[in-house]
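Next come the chains, spelled out residue by residue.
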Amino acid sequence: MPHLRLTLRLLAIVAALLAALPLHGFWRLVRAPSPWPRIFLGTVARIVGARARIVGVPRRRDVVFVSNHLSWIDILLLAGASGSAFVAKAELRGVPVVGWLCTLNHTIFVSREDRLRVADQIDRIRAALTAAWPVTIFPEGTTGDGHVLLPFKAALLAVLDPPPPGTRVQPVRIDYGAATDELAWVGDEHGQAHALRVLRRRGSFVATLTFLEPFDPLDHPGRKAIAAEARQRIETA
(Lines give C-alpha, C1' and ligand atoms only; values in the text may rest on other atoms or scores of the structure.)
Protein backbone atom coordinates (compact mmCIF):
# COMPACT_ATOMS: atom_id res chain seq x y z
CA MET A 1 0.00 0.00 0.00
CA PRO A 2 2.75 2.57 0.68
CA HIS A 3 4.13 2.01 -2.84
CA LEU A 4 0.64 2.31 -4.31
CA ARG A 5 0.06 5.60 -2.46
CA LEU A 6 3.41 6.86 -3.75
CA THR A 7 2.50 5.98 -7.33
CA LEU A 8 -0.99 7.46 -7.14
CA ARG A 9 0.23 10.69 -5.61
CA LEU A 10 2.97 11.10 -8.20
CA LEU A 11 0.43 10.49 -10.97
CA ALA A 12 -1.90 13.06 -9.39
CA ILE A 13 0.91 15.62 -9.28
CA VAL A 14 1.70 14.99 -12.95
CA ALA A 15 -1.99 15.31 -13.85
CA ALA A 16 -2.28 18.59 -11.95
CA LEU A 17 0.84 19.88 -13.66
CA LEU A 18 -0.41 18.95 -17.12
CA ALA A 19 -3.66 20.79 -16.39
CA ALA A 20 -1.98 23.90 -14.95
CA LEU A 21 0.88 24.42 -17.42
CA PRO A 22 -1.18 25.34 -20.50
CA LEU A 23 -3.38 27.63 -18.42
CA HIS A 24 -0.31 29.28 -16.93
CA GLY A 25 1.13 29.64 -20.44
CA PHE A 26 -2.04 31.32 -21.68
CA TRP A 27 -2.03 33.81 -18.79
CA ARG A 28 1.60 34.61 -19.55
CA LEU A 29 0.80 34.96 -23.26
CA VAL A 30 -1.81 37.65 -22.59
CA ARG A 31 0.55 39.27 -20.03
CA ALA A 32 -1.87 38.76 -17.15
CA PRO A 33 -0.76 37.82 -13.61
CA SER A 34 -1.01 34.04 -13.50
CA PRO A 35 -2.73 32.43 -10.49
CA TRP A 36 -1.80 28.94 -11.67
CA PRO A 37 1.51 28.43 -9.83
CA ARG A 38 -0.29 29.27 -6.57
CA ILE A 39 -3.23 27.01 -7.44
CA PHE A 40 -0.94 24.19 -8.55
CA LEU A 41 1.32 24.29 -5.49
CA GLY A 42 -1.70 24.44 -3.19
CA THR A 43 -3.10 21.42 -5.02
CA VAL A 44 0.16 19.52 -4.56
CA ALA A 45 -0.06 20.26 -0.82
CA ARG A 46 -3.45 18.55 -0.77
CA ILE A 47 -2.15 15.64 -2.84
CA VAL A 48 0.61 14.95 -0.30
CA GLY A 49 -2.00 14.95 2.45
CA ALA A 50 -1.98 18.52 3.84
CA ARG A 51 -5.29 20.17 4.68
CA ALA A 52 -4.60 23.87 5.16
CA ARG A 53 -6.39 25.76 7.92
CA ILE A 54 -5.84 29.49 7.53
CA VAL A 55 -6.03 31.77 10.57
CA GLY A 56 -5.75 35.50 9.96
CA VAL A 57 -5.48 37.34 6.65
CA PRO A 58 -2.30 37.17 4.56
CA ARG A 59 -1.27 40.39 2.83
CA ARG A 60 -1.12 40.03 -0.95
CA ARG A 61 1.78 42.36 -1.75
CA ASP A 62 4.33 44.74 -0.19
CA VAL A 63 4.99 42.16 2.51
CA VAL A 64 7.70 39.89 3.80
CA PHE A 65 6.32 36.83 5.54
CA VAL A 66 8.65 35.66 8.33
CA SER A 67 7.82 32.07 9.23
CA ASN A 68 8.97 29.12 11.28
CA HIS A 69 10.00 26.16 9.15
CA LEU A 70 9.15 22.45 9.45
CA SER A 71 9.64 20.95 5.99
CA TRP A 72 9.39 21.56 2.26
CA ILE A 73 5.60 21.17 2.65
CA ASP A 74 5.61 24.67 4.18
CA ILE A 75 6.42 26.09 0.74
CA LEU A 76 3.48 24.34 -0.89
CA LEU A 77 1.13 25.51 1.89
CA LEU A 78 2.29 29.12 1.95
CA ALA A 79 2.26 29.35 -1.84
CA GLY A 80 -1.27 28.01 -1.95
CA ALA A 81 -2.45 30.42 0.74
CA SER A 82 -0.71 33.58 -0.41
CA GLY A 83 1.03 33.18 -3.77
CA SER A 84 4.30 34.01 -2.04
CA ALA A 85 7.75 33.74 -3.54
CA PHE A 86 10.34 32.18 -1.24
CA VAL A 87 13.84 32.46 0.04
CA ALA A 88 14.91 28.83 0.53
CA LYS A 89 18.16 27.00 1.15
CA ALA A 90 20.06 26.01 -1.97
CA GLU A 91 19.90 22.29 -1.09
CA LEU A 92 16.15 22.32 -1.72
CA ARG A 93 16.74 22.88 -5.43
CA GLY A 94 18.15 19.34 -5.66
CA VAL A 95 15.14 17.58 -4.06
CA PRO A 96 13.38 15.57 -6.82
CA VAL A 97 10.09 17.12 -7.97
CA VAL A 98 9.95 19.55 -5.02
CA GLY A 99 12.96 21.60 -6.10
CA TRP A 100 11.56 22.03 -9.58
CA LEU A 101 8.10 22.88 -8.26
CA CYS A 102 9.62 25.67 -6.17
CA THR A 103 11.03 27.34 -9.27
CA LEU A 104 7.49 27.82 -10.58
CA ASN A 105 6.81 30.26 -7.76
CA HIS A 106 9.90 32.49 -8.05
CA THR A 107 11.82 30.76 -5.25
CA ILE A 108 15.15 32.46 -4.51
CA PHE A 109 17.67 29.78 -3.56
CA VAL A 110 20.39 30.98 -1.21
CA SER A 111 23.38 29.54 0.58
CA ARG A 112 23.67 31.03 4.05
CA GLU A 113 27.22 29.70 4.30
CA ASP A 114 28.35 31.67 1.24
CA ARG A 115 29.02 34.97 2.99
CA LEU A 116 30.67 36.41 -0.12
CA ARG A 117 27.35 36.35 -1.98
CA VAL A 118 25.07 37.67 0.77
CA ALA A 119 24.88 41.11 -0.86
CA ASP A 120 23.89 39.56 -4.20
CA GLN A 121 21.25 37.41 -2.51
CA ILE A 122 19.79 40.44 -0.72
CA ASP A 123 19.64 42.31 -4.04
CA ARG A 124 17.64 39.44 -5.55
CA ILE A 125 15.21 39.46 -2.63
CA ARG A 126 14.82 43.23 -2.91
CA ALA A 127 14.08 42.85 -6.63
CA ALA A 128 11.39 40.27 -5.82
CA LEU A 129 9.76 42.69 -3.37
CA THR A 130 9.31 45.23 -6.15
CA ALA A 131 7.22 42.69 -8.08
CA ALA A 132 3.54 42.02 -7.44
CA TRP A 133 3.91 39.13 -5.01
CA PRO A 134 4.86 38.58 -1.36
CA VAL A 135 8.19 37.09 -0.29
CA THR A 136 8.67 34.53 2.50
CA ILE A 137 11.84 34.18 4.58
CA PHE A 138 12.52 31.29 6.96
CA PRO A 139 14.99 32.95 9.38
CA GLU A 140 15.65 29.81 11.42
CA GLY A 141 17.91 28.89 8.51
CA THR A 142 16.90 25.23 8.68
CA THR A 143 13.87 23.10 9.48
CA GLY A 144 12.94 22.57 13.12
CA ASP A 145 11.02 19.93 15.04
CA GLY A 146 7.91 22.08 15.47
CA HIS A 147 8.19 22.16 19.26
CA VAL A 148 11.09 24.56 19.82
CA LEU A 149 11.53 27.76 17.82
CA LEU A 150 15.17 27.99 16.74
CA PRO A 151 17.16 31.25 16.92
CA PHE A 152 16.45 33.60 14.03
CA LYS A 153 19.33 34.48 11.72
CA ALA A 154 18.94 38.09 10.68
CA ALA A 155 21.32 38.28 7.69
CA LEU A 156 18.71 38.09 4.93
CA LEU A 157 16.43 40.52 6.76
CA ALA A 158 18.96 43.17 5.77
CA VAL A 159 16.65 43.56 2.77
CA LEU A 160 14.40 45.49 5.20
CA ASP A 161 17.14 47.79 6.44
CA PRO A 162 15.88 50.12 5.10
CA PRO A 163 12.64 48.56 3.80
CA PRO A 164 11.15 49.33 0.40
CA PRO A 165 8.41 51.98 0.79
CA GLY A 166 5.16 50.58 2.18
CA THR A 167 6.56 47.13 2.94
CA ARG A 168 5.29 45.35 6.04
CA VAL A 169 6.52 42.28 7.93
CA GLN A 170 3.88 39.65 8.65
CA PRO A 171 4.95 36.83 11.00
CA VAL A 172 3.51 33.39 10.25
CA ARG A 173 3.28 30.35 12.48
CA ILE A 174 3.01 26.93 10.79
CA ASP A 175 1.77 23.97 12.84
CA TYR A 176 1.23 20.39 11.62
CA GLY A 177 -0.67 19.44 14.77
CA ALA A 178 -0.61 15.77 15.71
CA ALA A 179 1.45 14.94 12.59
CA THR A 180 4.35 17.25 13.53
CA ASP A 181 6.71 14.60 14.89
CA GLU A 182 6.12 12.41 11.84
CA LEU A 183 6.48 15.10 9.19
CA ALA A 184 9.05 17.58 10.48
CA TRP A 185 12.24 17.34 8.42
CA VAL A 186 15.00 17.23 11.02
CA GLY A 187 18.31 15.51 11.57
CA ASP A 188 20.39 14.02 8.77
CA GLU A 189 17.50 12.66 6.70
CA HIS A 190 18.14 13.19 2.99
CA GLY A 191 15.62 15.37 1.16
CA GLN A 192 14.67 12.61 -1.27
CA ALA A 193 14.09 10.17 1.58
CA HIS A 194 11.84 12.66 3.36
CA ALA A 195 9.87 13.40 0.18
CA LEU A 196 9.31 9.70 -0.49
CA ARG A 197 8.28 9.12 3.14
CA VAL A 198 5.68 11.90 2.90
CA LEU A 199 4.34 10.59 -0.41
CA ARG A 200 3.99 7.09 1.05
CA ARG A 201 2.30 8.30 4.23
CA ARG A 202 -1.23 7.16 4.89
CA GLY A 203 -4.05 9.67 5.28
CA SER A 204 -4.11 13.43 5.63
CA PHE A 205 -3.19 15.98 8.28
CA VAL A 206 -4.30 19.48 9.25
CA ALA A 207 -1.68 22.18 8.79
CA THR A 208 -2.58 25.45 10.51
CA LEU A 209 -1.10 28.63 9.04
CA THR A 210 -1.54 31.54 11.44
CA PHE A 211 -0.95 34.89 9.75
CA LEU A 212 -0.25 37.31 12.58
CA GLU A 213 -0.73 41.07 12.60
CA PRO A 214 1.72 42.79 10.20
CA PHE A 215 4.10 45.39 11.57
CA ASP A 216 6.08 48.24 10.08
CA PRO A 217 9.82 47.37 10.03
CA LEU A 218 10.57 51.08 10.47
CA ASP A 219 9.22 50.73 14.02
CA HIS A 220 12.03 48.24 14.75
CA PRO A 221 15.12 49.67 13.03
CA GLY A 222 17.78 47.19 11.99
CA ARG A 223 17.61 43.61 10.82
CA LYS A 224 18.27 42.15 14.28
CA ALA A 225 15.42 44.14 15.84
CA ILE A 226 13.07 43.06 13.03
CA ALA A 227 14.06 39.41 13.52
CA ALA A 228 13.58 39.65 17.28
CA GLU A 229 10.12 41.21 16.94
CA ALA A 230 8.96 38.60 14.42
CA ARG A 231 10.33 35.75 16.52
CA GLN A 232 8.64 37.02 19.68
CA ARG A 233 5.27 37.23 17.93
CA ILE A 234 5.58 33.71 16.50
CA GLU A 235 6.72 32.32 19.85
CA THR A 236 3.76 33.98 21.58
CA ALA A 237 1.40 32.47 19.01
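Above this note sits the structure.
Residues numbered from 1 in each chain as written. Predicted model: local features only at pLDDT ≥ 70, side-chain atom pairs only at ≥ 80, totals over all residues. Heavy atoms only, no water.

Peer 1: Please clarify how helix 8 (residues 223–236) should be interpreted in this entry.
Peer 2: An α-helix turns once per 3.6 residues; consequently, residues spaced three or four apart project the same way. End to end, helix 8 covers 20 Å across 14 residues, agreeing with the expected 20 Å (1.5 Å per residue, within 8%). By the burial criterion, the buried members of helix 8 are Ile226, Ala227, Glu229, Ala230 and Ile234. All buried residues of helix 8 lie within an arc of 165° about the axis, which places them on one face of the element. Exposed and oriented more than 90 degrees from the buried face of helix 8 are Lys224, Glu235 and Thr236. Next to the buried residues of helix 8 lie strand 2 (63–67) and strand 6 (168–175). (Helix = DSSP H or I, 4+ residues; strand = E, 2+ residues; numbered from the N terminus. Expected span 1.5 Å × (residues − 1). Buried < 20%, exposed > 50% of the residue type's maximum accessible area, 1.4 Å probe, protein only. Arc of directions from axis to C-beta. Contact = heavy atoms within 4.5 Å.)

Peer 1: Looking at this structure, how should I read the packing of helix 1 (residues 2–29) against helix 2 (residues 36–47)?
Peer 2: Helix-helix packing is characterised by the crossing angle of the two axes and by the distance between the axes. Where helix 1 contacts helix 2, the axes come no closer than 9 Å and their chain directions differ by 170°. It follows that helix 1 is roughly antiparallel to helix 2 by the angle criterion. Between helix 1, through Arg9, Ala12, Ile13, Ala16, Leu17, Ala20, Leu23, His24 and Trp27, and helix 2, the contact on the second element is made entirely by Trp36, Pro37, Phe40, Thr43, Val44 and Ile47. Residue composition of the contact of helix 1 with helix 2, grouped by class: 12 nonpolar, two polar and one charged. (Axes fitted to C-alpha atoms, helices over the stretch in contact; angles between N-to-C directions. Parallel < 35°, antiparallel > 145°, perpendicular 65-115°, else oblique. Nonpolar A, V, L, I, M, F, W, Y, C, P; charged D, E, K, R; others polar.)

Peer 1: I would appreciate a short explanation of the environment of Arg200 in the present structure.
Peer 2: Mapping Arg200 onto the fold places it in helix 7 (residues 191–200). Taking the relative accessible area as the measure of exposure, Arg200 reaches 29% and is therefore partly exposed. Separated by 109 residues in sequence, Arg200 and Glu91 place their C-alpha atoms 22 Å apart. Ignoring any residue separated from it by four or fewer positions in sequence, one finds Arg200 in contact with Pro2, His3, Arg5, Leu6 and Arg9.

Peer 1: Would you mind showing me how to read the pattern of salt bridges here?
Peer 2: Oppositely charged side chains can form a pair if their charged atoms are brought close together. Inspection of the entire model under this criterion finds seven salt bridges. As a salt-bridge pair, Arg231 and Glu235 come within 3.5 Å of each other at their nearest N and O atoms. With a gap of four residues between them, Arg231 and Glu235 both fall in helix 8, about one helical turn apart. (Salt bridge = Lys/Arg side-chain N within 4 Å of Asp/Glu carboxyl O.)

Peer 1: Help me understand the side chain of Asp216, please; the structure alone is not making it clear to me.
Peer 2: Tracing the backbone shows Asp216 in the loop between strand 7 (205–211) and helix 8. For Asp216, a relative accessible area of 18% puts it in the buried group. Separated by 2.9 Å, the side chain of Asp216 and the backbone nitrogen of Leu218 make a polar contact. Setting aside residues up to four positions removed in sequence, Asp216 forms contacts with Thr167 and Arg168. (Polar contact = N/O pair within 3.5 Å; in protein donor to acceptor, adjacent residues only side chain to side chain.)

Peer 1: What should I look at first to understand the environment of Ser67 in this one?
Peer 2: Mapping Ser67 onto the fold places it in strand 2. The class of Ser67 is buried, set by a relative accessible area of 0%. Between the C-alpha atom of Ser67 and that of Leu209, which follows or precedes it by 142 residues, the distance is 9.6 Å. Ignoring anything within four residues of it in the chain, the contact list for Ser67 reads Leu78, Thr136, Ile137, Phe138, Pro139, Val172, Ile174 and Ile234.

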